[in-house]
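Given next are the chains, with one letter for each unit.
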Amino acid sequence: MSITDGTVGAGTVGAAGTVGAALPGTLADGPGLHGIGVSLPSPDALAKTQGTFPYAADLWAEGLLWAAVLRSPYAHARITRIDTTEAVAMPGVRAVVTHEDVPGDAMHGRGVADRPVFAHELVRHHGEPIAAVAADHPDTARLAAAAILVEYEVLEPVTDPEKAFAAEPLHPDGNLIRHIPLRFGDPETVGDIVVEGLYRVGRQDPAPIGAEAGLAVPRPDGGVELYVASTDPHADRDIAAACFGLEADRVKVVVTGVPGAMGDREDAGVQLPLGLLALKTGCPVKFVATREESFLGHAHRHPTLLRYRHHADAEGRLVKVEAQILLDAGAYADASSDALAAAVAFAAGPYVVPHVFVEGWAVRTNNPPSGHVRGEGALQVCAAYEGQMDKLAAKLGLEPAEVRMRNVLATGDLLPTGQTVTCPAPVGELLKAVRDADLPPLPDGDDESQWLLPGGTAGAGEPGAVRRGVGYALGMVHVLGAEGTDEVSTATVRVHDGRATVICSAVETGQGFITLAQQIVQEVLGVEDVRVLPSDTDQPPAGPSARGRHTWVSGGAVERAAKMVRTQLLQPLAAKFGMSVELLAIADGKITSYDGVLSTTVAETLDGKELWATAQCRPHPTDRLDDSGQGDAFVGLTFCAVRAVVDVDIELGAVRVVELAVAQDVGRVLNPRQLAARIEAGVTQGVGLALMEDLRAPRGIIKRPNLTGYPLPTALDAPEVRIVKLIEERDVLAPFGAKAVSAVPVVTSPAAVAAAVRAATGRPVNRLPIRPQAAIVKPSS
C-alpha cells in the first residue's frame, strides 16, 4: 500500500505493515513519541505475531468438560421426536441439554427475541441448534451429539425472498420483518434521461481467522462466568441471564482475545449452550467450533435484490431516484431492521437528489441467518446506485467520473430522509483526488510480467485477450445513532505512580481501540505509560464494537475522563500561581504556563497522589424513520471514493484487480499506520465480495461450508491499495474530530471493481460477486 497525499506524508506501507522511513512527521516512530498523530504500535502485536496471544480456544480450567452441538441437517422441517437416551448413556458423557433444559427465556435475539435457544417444534434454517452435549473428551462429545435421535418431517423450504410475501408464515411473527417506504419530493417528477437496472448482491460470510470458541465456568453463588470473544459483552450477559433464569449480576462475561470480528461475534450460539451445560454439570465447559460449524452458526451479509430507476436532466444532474430493495434476513430478524434502515436511507448514495422514492423490505426465509456484517445495508445499495451512475454516463456520453462530479453531496445538503448533512462531507474533493491520481503502468509484455495477467502464469488465457478497465465508486456509511439507539459509553481514567490506567468495556477486535485509548490519555495527561484493562461486564457498558463507533463514543468517554483528571492535576498548581487551568499546557510530560514562567513535570506535580475520574460520552439522540422514511436517524457520516483499475481476460472472464486508489475523509488522523492498515483491510474485504466470496445455499443448504468451498482473497489476490488523499476536516462533534475509517472502504470497493469490469468489457455487471461469464465478451459475428 502506498500513501501519496501530502496530508499525511509520502511513503509506502509494505506487506508487513511497516512504514517507510520517508514518512515525515506524525507517521514516524521512535523513542519518546506518543499521543495523537503517532503510529503507536498495538501492545498485543508481538504476541499475536509470535502466536502466544491467548484466544478463547486456548483457555483451560481444572476439571474441564468439552461441548458439542447437534445441528439440523435440513433448512425447514418439523421435529416430531427428540430422544437423548443413547447419548446420555455413553461413557464419558456428563450432560445433554435440549429446549426442555432452558430454565429462563426460551427465545433470544438482538432487538427482536424471535430465535429459540434450541429448536424443538420447527427447524427454520440449516445448522440450527437442537441440542448440546458435555463430555470428558471432545470426540466423545461429538459422538454423543451424533447419537441423539431426532425425527423430522421435512418441509418445503422458502428460499426465494420474493416468494416469502405470499408463503405460509415461517415464524409466529410472520415473514415480513420490516417495510420502510421512503417518500422525498414530488413523485410525478420525470427526468429527460431515464435508466433502469436490476442488481443482486450475494451472501458474504465474515469468515473470521479464528472460529468461535468459549469457556463457561460455574460460580459458587449459582451463577456462571462466560469467557468468549464477545464484541458486546453487556448485551451478551443480558441475553444469557434471561435464558438461564438468573439475575444479570450472577452472569459475568469476560472478553477473551477476539480473532477477527466483522459482525459474526454478535451471535449467542456459543455462550448459551455453554452456560446451560456448565450450570447443569457444575463443571467448566469448553467449546471450539469447527470451520463447518462456524459457517453454519453465525450470521452472514444479507443477500439483496435491488431494482432501480434513475432520472436525470440533459446535463446529467440527478432529478429522481426510484428503488425497490429486498433484504433476505434468513430465518430470524437479528439486525435486519438496522440494515434495512441504512439501505433505504443511503439508497441514492452521496449524491444530491431532489426526489427519492424507495420501497424497502426485509423478510424471513429458510436461508442461513443474516445479520451485522461491516457496512450492512450501505454496501448493497452502493453496488446498485453506482451501476446506475455508469448507465447514466454511457447514455449521456459523459465520463463516469464527470457524471458523478455533477451530483456530489456536500455539507448542508439533505439526505432523502430529510436529515441535513451537518458533518464535513468533502465528496467532490475525494472524487477529484482519485480521478486525477496517476494510473498504474501497463504490463510491458516480457516474461516476468506474465504472472500479472488474470489467472497468473498458470492461466490459459492469451495476453491479447486482456482488456484494462477503470471504474469509480463513491460510498457512505453512518457511524452512530441508528434510529434512536442509545450510543453511550463509560470510561474511567486513573493515574498513580507515573502510570495511567484506563477502564472501559469497549472490546478490542483489531480495530485499535486499546492503542487509541492509550494515545488519548498520553495526549491529554502527558503520561507515557498507559495501560488499558481487559473488558468484562463488571465494568460499565460501552456498547457493541461495530461501525468503528468506539472511536467516537468510547474514545470520547476516555477523553472526557482524562480531561477531568487533567483538571484535578492542574487546579492546585494554577491556584498556587494565581492563574486559571486554561493557561497551563501539558506536552511530553511537562507542564508549562502560557508565559513560560512556570515549568515543571507531570511526575513532580503528581508527587505520589492518585487521581481518577469517570465520564460518559453520549452523542445527541436520533429518531426512528417515520412512515414516510423521514427523520434524523443517524449521527456521523463518513465518505470514501475509490478508483479501481482491473485487467480482464474477455475470453475466460478472469479478473485481476491491478490497483485501488482510495480517498477518504477521516476527520483527523489519530494513528497513521493503524489507519492505513484499516483502509487496506477494508478494501481487500471488498475485493473478496466483488470477485469470489459467495456463500451459496441452494434450497437453504450451505454447500461446502469450509474455506475450500468459500474462497477468500489471499496475498496474491490482494491488489495494490494506494491512499491518494486523506482529508482531515474535523467533525466538531467527535472526539479530536476523528471519524471511523474501516467500514466505508468495504462498502465502496466492490462497486468500484464492478464499474471497472464494466469499463473493460462493456457488459452490465449487475451481480456481486462477479461471475466469470459476466466478464466474457463474445466475438461479434
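The coordinates are above.
Residues numbered from 1 in each chain as written. Predicted model: local features only at pLDDT ≥ 70, side-chain atom pairs only at ≥ 80, totals over all residues. Heavy atoms only, no water.

**Things to note about the nonpolar core**
Defined as follows: The nonpolar core is taken to be a set of buried Ala, Val, Leu, Ile, Met, Phe, Trp, Tyr and Cys residues, with the residues joined through side-chain atoms within 4.5 Å. The buried label applies to any residue whose accessible area, calculated with a 1.4 Å probe on protein chains only, is under 20% of its type's maximum; exposed applies above 50%, and partly exposed to all values in between. Strands are runs of DSSP state E lasting at least two residues, helices are runs of H or I lasting at least four, and both sets are numbered from the N terminus onward. The contact criterion used is simple: two residues touch if any of their non-hydrogen atoms lie within 4.5 Å.
Counting 107 residues, the largest nonpolar core has Tyr-308, Ile-325, Phe-346, Phe-639 and Val-753 as the members making the most contacts within it. At eleven residues, the largest contribution of residues to this core is made by helix H15 (residues 743-761). Here Ile-325 is in contact with Thr-304, Leu-305, Leu-306, Tyr-308, Ala-343, Val-344, Ala-347, Val-358, Glu-359, Gly-360, Trp-361 and Val-381, once residues within four sequence places are set aside. Among the nonpolar cores identified, the runner-up in size contains 50 residues, and Val-479, Val-558, Met-579 and Val-635 belong to it.

**Some thoughts on the pairing of strand E13 (residues 213-218)**
To keep things clear, this is the line we draw: Here, strands pair whenever DSSP counts at least two bridges between them.
The pairing of E13 with strand E16 (residues 285-288) spans four bridges and is antiparallel. Bridging from a neighbouring strand, Gly-214 pairs with Phe-287 of E16. Bridging between E13 and strand E14 (residues 224-228) involves five bridges; their strand directions are antiparallel. Among the inter-strand pairings, Pro-218 is bridged to a residue of E14, identified as Val-224. From the end of E13 to the start of E14, which pair antiparallel, there are five residues, and Gly-222 there has a positive phi angle of about 90°.

**Some details on the environment of Ala-331**
If you trace the backbone, Ala-331 turns up in the loop between strand E18 (318-330) and helix H7 (336-345). Between the C-alpha atom of Ala-331 and that of Pro-233, which follows or precedes it by 98 residues, the distance is 24 Å. Every residue in contact with Ala-331, bar those within four places of it in the chain, is listed here: Arg-124, His-125, Arg-364, Thr-365, Asn-367 and Pro-369.

**Considerations on the side chain of Ser-554**
With respect to the secondary-structure elements, Ser-554 resides in helix H12 (residues 549-576). On the basis of relative accessibility, which here comes to 0%, the residue Ser-554 falls in the buried class. Not counting chain neighbours up to four residues away, the residues in contact with Ser-554 comprise Ser-489, Cys-504, Ala-506, Phe-513, Ala-542 and Arg-549.

**Topic: the packing of helix H4 (residues 233-244) against helix H5 (residues 271-281)**
The condition that has to hold: Orientation is described by axes fitted as lines to C-alpha atoms, over the contacting stretch for helices, and by angles from 0 to 180 degrees between their N-to-C directions. Note that the term roughly parallel is reserved for angles under 35 degrees, roughly antiparallel for angles over 145, roughly perpendicular for angles of 65 to 115, and oblique for everything else. Two helices cross in a left-handed way if the nearer one is turned anticlockwise from the farther one by less than a right angle. They cross in a right-handed way if the turn is clockwise. Residue type decides the class: Asp, Glu, Lys and Arg count as charged, Ala, Val, Leu, Ile, Met, Phe, Trp, Tyr, Cys and Pro as nonpolar, and the leftover types, Gly among them, as polar.
As a packed pair, H4 and H5 sit with axes 10 Å apart at the nearest point and diverge in direction by 45°. Comparing the axis directions of H4 and H5 gives the class oblique. Considering only the axes of H4 and H5, their crossing is right-handed. Of the residues in H5, those touching H4 at Asp-236, Ile-239, Ala-240, Cys-243 and Phe-244 are Gln-271, Leu-272, Gly-275, Leu-276 and Leu-279. Among the residues making up the contact of H4 with H5, the classes are represented as seven nonpolar, two polar and one charged.

**Concerning the side chain of Ser-742**
Relative to the assigned elements, Ser-742 resides in the loop between strand E30 (720-727) and H15. Exposure remark for Ser-742: the relative accessible area of 8% places this residue in the buried category. Discounting chain neighbours no more than four positions away, the residues touching Ser-742 are Arg-374, Arg-678 and Gly-682.

**A look at the pairing of strand E24 (residues 584-587)**
Residues Leu-584 and Ile-586 line the buried face of E24, whereas the alternating positions Ala-585 and Ala-587 sit on a face that is not buried. Both E24 and strand E25 (residues 590-593) contribute to a ladder of four bridges, which runs antiparallel. Bridging across to E25, Ile-586 finds its partner in Ile-591. Counting the residues that bridge the hairpin from E24 to E25 gives two residues, and of these Asp-588 lies at a positive phi of roughly 55°.

**Notes on the sheet that holds E24**
Pairing in this open sheet of three strands is antiparallel, and the strands run E24-E25-E26 from one edge to the other. The sheet is open, and its two borders are formed by E24 and strand E26 (599-601), each paired with just one other strand. Adjacent strand axes in the sheet meet at a mean angle of 25°, parallel and antiparallel pairs treated alike. Each of E24, E25 and E26 is contacted by H12, which is oriented at about 130° to E24, the strand it contacts most.

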